[in-house]
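Observations on the model geometry
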Amino acid sequence: MANGVTDMESLAEMIAYQSTLTDTDCYTVLRSLEHNIVQELKQGRIVKLGSLGNFQVSISAEGQTTSEAVSAMDITKSRILFRPGKKLRKLLGDLTFSKAG
């Protein structure tokens, strides 16, 4: 259902238009946000972005019979989970669809 792409540069321009900041300032803040989200996830923290949602690292591992037998070698998969917040869940509930052409 995608209808184009909006990149960070475009977002920075939009934010600049809606504020007293320059697009360069906004782009710098967005890049800092990106960097800090990655750093916090590396530390095992959940990153909450208000009503947008939360990011969290998740791992899957092979089960072991005792806690002493558990090691990093048991990890089979890692991924980033995103849990949408209220605004995104509302957006999904408000979507309407029409048959094309």
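This write-up is about the structure you can find in this document. (Residues numbered from 1 in each chain as written. Predicted model: local features only at pLDDT ≥ 70, side-chain atom pairs only at ≥ 80, totals over all residues. Heavy atoms only, no water.)

Concerning the overall build of the chain
Secondary structure summary: the chain contains three helices and three strands in total. Sequence-ordered secondary structure for the chain, helices as α and strands as β, is α-α-β-β-β-α. Relative to the globule expectation of 13 Å for 101 residues, the C-alpha radius of gyration of the chain, 19 Å, shows a markedly less compact shape. Intrachain contacts of the chain at a sequence separation of at least 6 include 32% that bridge at least 24 residues. Carbon and sulfur atoms make up 56% of the accessible area of the chain, which totals about 8,500 Å². Side-chain charges in the chain split into 12 positive and 11 negative, and the spacing between the mean points of these groups amounts to 11 Å. (Helix = DSSP H or I, 4+ residues; strand = E, 2+ residues; numbered from the N terminus. Rg over C-alpha atoms; globule rule 2.2 N^0.38 Å. Contact = heavy atoms within 4.5 Å. Areas by Shrake-Rupley, 256 points an atom, 1.4 Å probe, with all protein chains shown as cover. Lys, Arg positive; Asp, Glu negative; His and termini not counted. Charge placed at Lys NZ, Arg CZ, Asp CG, Glu CD.)

Focus on the sheet that holds strand 3 (residues 75-84)
The sheet built from three strands is open, its strands ordered 1-2-3 with antiparallel pairing. Because the sheet does not close on itself, it has two edges, and the strands there are strand 1 (47-48) and strand 3. (Pairing = 2+ DSSP bridges.)

Digging into the pairing of strand 2 (residues 53-61)
The two faces of the sheet receive side chains in turn, since in a regular strand these alternate between them. Here strand 1 pairs with strand 2 via two bridges, running antiparallel. When the sheet's bridge partners are listed, K48 is paired in strand 2 with N54. As paired elements, strand 2 and strand 3 share nine bridges and run antiparallel to each other. Looking at strand 3, one finds that G53 is bridged to P84.

Looking at a negative patch on the surface
A cluster of acidic residues, D7, E9, E13, D23 and D25, forms a negative patch on the protein surface. Of all elements in the fold, only helix 1 (8-17) and helix 2 (23-42) reach the threshold of two or more residues within the negative patch. Relative to the helices and strands, D7 resides in the segment before helix 1. On the basis of relative accessibility, which here comes to 36%, the residue D7 falls in the partly exposed class. (Patch = residues over 30% accessible without salt bridge, like charges linked within 9 Å, V, L, I, M, F, W, Y side chains within 5 Å. Salt bridge = Lys/Arg side-chain N within 4 Å of Asp/Glu carboxyl O. Buried < 20%, exposed > 50% of the residue type's maximum accessible area, 1.4 Å probe, protein only.)

Structural notes on the side chain of S58
On the secondary structure map, S58 appears in strand 2. Residues contacting S58, with those up to four places away along its chain left out, are K77, S78, R79 and L81.

A short note on a nonpolar patch on the surface
On the surface, V57, I59, I75 and I80 cluster together into a nonpolar patch covering about 350 Å² of accessible area. When residues of the nonpolar patch are traced back to their parent elements, those giving at least two are strand 2 and strand 3. Tracing the backbone through its elements, the reader meets I80 in strand 3.

Some remarks on helix 2
With 20 residues, helix 2 should cover 28 Å at 1.5 Å per step; its first-to-last C-alpha distance of 29 Å lies within 8% of that length. Listing the buried residues of helix 2 in full gives C26, L30, I37 and L41. Along helix 2, the residues classed as buried sweep out an arc of 45° about the axis, all on the same side. Exposed residues on helix 2 whose side chains face more than 90 degrees from its buried face are T24 and K42. (Expected span 1.5 Å × (residues − 1). Arc of directions from axis to C-beta.)

Don't take any of this as a statement about function, it's just geometry.
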